[in-house]
Structures are given as structure tokens and as C-alpha cells.
Amino acid sequence: MPSAQPWEAAGKPVQRPVSECAGPPASTAPQLAGAQGGGGRGAALTARRVQRPASLSLWQPLKIFACSQLGSLVRRAALLRDAPDHLHKYEKSHNFKVHTFRGPHWCEYCANFMWGLIAQGVKCSDCGLNVHKQCCRLVPTDCQPDPRRLPKVFGCDLTALVKAHRGRLPMVVEMCIGEIEARGLKSEGLYRVSGVSDLVEEVRTAFDKEGEKADISAKAYEDVNVITGALKLYFRELPTPLVTYQAYPHFVEAAKVSDPAERLEQLRRALQTLPPAHYDTLHCLMAHLHRVSQQEKHNLMSSENLSIVFGPTLMRPHEQDVLATLNGMRHQRLLVELLIRHVQELF
Ligand SMILES: [Zn+2]
Ligand SMILES: [Zn+2]
């Protein structure tokens with residue numbers, strides 16, 4: 001805790017973070033203030049503890065929770081202040097779940113006390129924000145996830161991962177594309193040939209455990225197909241596909257248009273319905289696949305071949321029945337092929 005907390009001034013009435021905050025009765029202020037102090041105040045505290053041990057032991061946990069509460073407010077304020085500009089672009093909703101708080105807690109939105117013994121409020125499982133149930137609808141969509149709270153890298157929501165690591169793109173995408181391009185893009189059947197699955201799993205574990213420190217160099221994995229395999233696996237395991245379920249119908253509508261110019265225009269509009277982190281990642285991937293297709297005479301991978309590999313990996317309907325899946329595959333291939341071919345005009 002920084003030393004300048006209001007309640008550290010011994011003997012003064014305790015000031016809580018916001019004036020209307022319904023905290024403990026004011027009569028507890030001297031104990032709180034004393035408990036926080038050191039040195040001489042510590043001696044006074046000992047004296048008081050002898051006189052009124054019961055009330056002190058009651059408010060001791062309160063003080064600890066109050067400190068952690070204020071600490072989290074200070075942390076959030078600092079996070080928002082220090083965030084680079086592009087982070088503000090990636091809005092992310094909180095992932096609230098009903099929570100039973102142990103000890104007293106204040107709502108981090110309205111700063112009022114959270115009453116009750118169980119299920120007093122909700123907690124965001126991504127950033128740890130604690131608010132009243134009635135306040136959770138009012139909180140801005142500014143969740144800044146804590147990497148320690150998120151599931152591993154693979155299978156984690158794309159926007160949550162990018163925001164947690166304070167980047168623009170998921171590190172798996174940036175690092176794998178960087179590594180594959182550094183090796184020259186000329187390997188025959190790039191993205192079509194599968195890498196040894198045990199090694200692909202090893203790369204996935206390395207990202208899950210070490211994040212951006214994972215070693216995917218040619219020294220660690222000689223076969224480039226292991227790296228392409230890991231990248232494909234990353235997209236397959238996204239809980240929300242790169243082309244999100246919400247955006248997918250707009251893409252399919254574009255695929256159904258027969259006039260080529262009108263189709264591209266519709267596709268451009270469909271792209272605008274993607275969340276910004278998804279849009280930027282798709283742009284990066286399509287620009288990369290465009291460069292792969294430019295080496296077609298070496299790697300034999302045309303944009304059409306690449307679209308067969310990537311179509312179902314990047315998009316799928318929310319509800320899957322056999323007919324929708326079959327029709328979907330046709331659209332997915334066409335869409336990915338168009339995205340690769342026309343990347344410069346579309347993004
Ligand atoms: Zn959150
Ligand atoms: Zn509240």
C-alpha cells in the first residue's frame with residue numbers, strides 16, 4: 001500500500017474511498033487508524049488491544065480487505081492511465097460471475113458496501129473487478145484482463161488474450177507468422193502438410209506455459225510444418241472463431257452475391273462487423289497468406305488451396321447441422337479465397 005492512505009492519519013476519523021460508501025460504523029475509526037500505523041502508534045495499538053481485544057480482532061480483517069479494495073482501485077486507475085492508445089480501441093466486456101466475498105467488500109463501481117453473507121455481488125473472472133449485481137450492467141466495457149486469471153494461451157478468448165498481454169495481436173499469431181516468413185515461405189505444401197502432432201502439441205504447451213518466451217526457432221523445431229500446424233491449431237481452438245458467430249451471417253450473405261464487385265463491397269461491410277482485435281488479426285493473417293500464395297511456384301499453395309485449409313478453421317456457423325455445414329464449407333472457401341486475393345482492397 002502507498003503510505004498516503006487517508007486512514008493512516010492516526011486519530012482522525014476514517015475516510016473511505018467515496019463519501020457515501022456504507023462501511024463500518026464511524027466509532028471503529030480510531031482502531032482502524034491505529035492498526036494501520038507503525039512505531040509509536042504501534043505501541044498505542046498494543047495498549048488498545050489489551051483493553052478491547054474483541055473489537056480489534058473483529059476489525060483487523062476489515063482493514064486488510066479495505067486495503068486490498070483500495071489497492072485494486074489504484075491499480076485499475078494506473079492501468080487505464082498507462083495503457084497505450086490502441087488498447088482503448090479493443091473494448092472488452094467483463095466476464096461477471098456471482099461471487100461470495102469473504103469479509104467486507106465495497107463495490108468498485110458505486111463504492112458502496114456489499115451487504116449480505118453470501119453472493120453479495122459479482123466478480124469478473126478475467127480482471128477481478130468486484131461490483132454489485134445491479135451495478136454490473138452499468139460498468140463500462142473496459143475489462144483489462146489479468147494474465148494470471150485467464151485460461152492458457154490456446155483456447156483463450158482472442159480479445160482477452162491480446163488485452164492481457166498488452167499487444168495488438170495474439171502472440172501466437174505474431175510469432176508463428178514471423179518465424180514462418182523468416183524461413184522463406186517456399187516449403188512445398190506449406191499449411192497443407194501436417195507437422196508431427198506430438199511436436200505441434202509441444203509448441204502449444206510452450207505457448208501455454210511461457211507465452212512470448214516460447215522458443216519456436218528452427219533450432220527447436222526444424223520442420224516448418226510444426227509451426228504452421230501450431231498456428232492452425234490456435235485458430236481452431238478459439239472459443240469464438242476469428243470470424244465471430246455474430247459476424248458470420250454477414251460473410252455468408254456476401255458470399256451469395258454473384259456480381260464480383262458488389263460481392264467485394266458486401267465483404268468489406270461484413271469485415272466491419274468484426275470486433276477490432278479479430279479484424280486486425282484476420283488482416284495480418286490474410287496479408288501473410290497472400291505472401292504465401294505469391295510463392296505458389298515453389299510451395300504449390302495458391303489462394304484456392306489455402307482457402308481449403310483455412311476455410312473451416314476461421315469461420316463456422318453457431319448452430320451446426322449437416323446441411324448448413326456442407327453449404328457453409330462452400331461459402332467459407334470462397335470467402336477465404338477472396339480475402340487472400342483482395343487483402344489490399346478489403347482491409
Ligand atoms: Zn473484467
Ligand atoms: Zn455498486
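Not measured: the values here are computed from a predicted model.

1. Some words on the overall build of the protein chain
And then number 1: The helix and strand inventory of the protein chain stands at 15 helices and 3 strands.
And then number 2: Buried positions account for 35% of the 347 residues belonging to the protein chain.

2. Some details on unusual backbone geometry
And then number 1: In this structure, Ala111 is a non-glycine residue whose phi angle is positive, near 65°.
And then number 2: Along the chain, the position of Ala111 falls in the loop between strand S1 (96–99) and strand S2 (121–124).
And then number 3: A positive phi angle, close to 80°, is found at Tyr191, a residue other than glycine.

3. Regarding the sheet that holds strand S3 (residues 130–131)
And then number 1: Spatial ordering of the open sheet is given by S1-S2-S3, a layout of 3 strands whose pairing is antiparallel. Two strands in the sheet have a free side with no partner beyond their single neighbour: S1 and S3.
And then number 2: As judged from the 4 bridges shared by S1 and S2, these two strands associate in the antiparallel manner. Among the inter-strand pairings, Lys97 is bridged to a residue of S2, identified as Lys123.

4. Quick look at the packing of helix H6 (residues 171–182) against helix H8 (residues 224–236)
And then number 1: Interhelical geometry of H6 versus H8 gives an angle of 155° and a closest axis separation of 10 Å. Comparing their axes, H8 and H6 come out roughly antiparallel. Once H6 is placed against H8, the crossing between them reads as left-handed. Across the interface between the two elements, Val172, Val173, Cys176, Glu179 and Ile180 from H6 touch Val224, Ile227, Thr228, Ala230, Leu231 and Tyr234 from H8.
And then number 2: Residues that form the contact of H6 with H8 fall into these classes: 9 nonpolar, 1 polar and 1 charged.

5. Some details on the nonpolar core
Soluble, globular proteins show a tendency: their nonpolar side chains are buried together.
And then number 1: With 61 residues, the main nonpolar core has Cys176, Ile227, Ala230 and Phe251 as its most contacted residues.
And then number 2: Counting residues per element, this core draws most heavily on H8, at 8 residues.
And then number 3: If we skip the residues at most four places from it in the chain, Ile227 touches Cys176, Glu179, Ile180, Val203, Ile216 and Tyr221.
And then number 4: Residues Cys107, Cys127, Val131 and Val139 belong to the second largest nonpolar core, which totals 12 residues.

6. Notes on helix H11 (residues 276–294)
And then number 1: Taking 1.5 Å per residue, 19 residues should reach 27 Å; H11 reaches 27 Å between its end C-alpha atoms and fits that length.
And then number 2: Buried residues belonging to H11 abut helix H5 (158–164), H6, helix H12 (296–299), helix H13 (303–314), helix H14 (322–341) and helix H15 (343–346).

7. What to know about the confidence of the model for the protein chain
And then number 1: A residue-level look at the protein chain finds 74% of positions with pLDDT of 70 or above and a mean pLDDT of 80.
And then number 2: Across the protein chain, the secondary-structure element scoring lowest on mean pLDDT is helix H1 (residues 29–36), at 36, and the one scoring highest is H8, at 97.
And then number 3: Throughout residues 74–88 the model reports pLDDT below 50, and contacts reaching past four residues in sequence, or to other chains, amount to 5 contacts.

8. Side note on helix H7 (residues 197–210)
And then number 1: Helix length check: H7 (14 residues) gives 20 Å between terminal C-alpha atoms against 20 Å at 1.5 Å per residue, within 8%.
And then number 2: Buried residues of H7: Val200, Val203, Arg204 and Phe207, and no others. For H7, the angular spread of the buried residues around the axis is 100°, confining them to a single face. Away from its buried face, by an angle of more than 90 degrees, H7 presents the exposed residues Asp198, Lys209 and Glu210.
And then number 3: Just beyond H7, the residue with positive phi is Gly211, at close to 60°.

9. Focus on the environment of Gly311
And then number 1: Along the chain, the position of Gly311 falls in helix H13.
And then number 2: On the neighbour-count criterion, Gly311 (20 C-beta atoms within 10 Å) is buried.
And then number 3: With 21 residues separating them in the primary sequence, Gly311 and Gln332 have C-alpha atoms 4.7 Å apart.

What counts, and at which threshold
Residues numbered from 1 in each chain as written. Chains lettered and ligands numbered in written order. Predicted model: local features only at pLDDT ≥ 70, side-chain atom pairs only at ≥ 80, totals over all residues. Helix = DSSP H or I, 4+ residues; strand = E, 2+ residues; numbered from the N terminus. Buried ≥ 20, exposed ≤ 12 C-beta atoms within 10 Å, placed from the backbone. Pairing = 2+ DSSP bridges. Axes fitted to C-alpha atoms, helices over the stretch in contact; angles between N-to-C directions. Parallel < 35°, antiparallel > 145°, perpendicular 65-115°, else oblique. Left-handed = near helix turned anticlockwise from the far one by under 90°. Contact = placed C-beta atoms within 7 Å. Nonpolar A, V, L, I, M, F, W, Y, C, P; charged D, E, K, R; others polar. Core = buried A, V, L, I, M, F, W, Y, C linked by C-beta atoms within 7 Å. Expected span 1.5 Å × (residues − 1). pLDDT = per-residue confidence, 0-100. Arc of directions from axis to C-beta.

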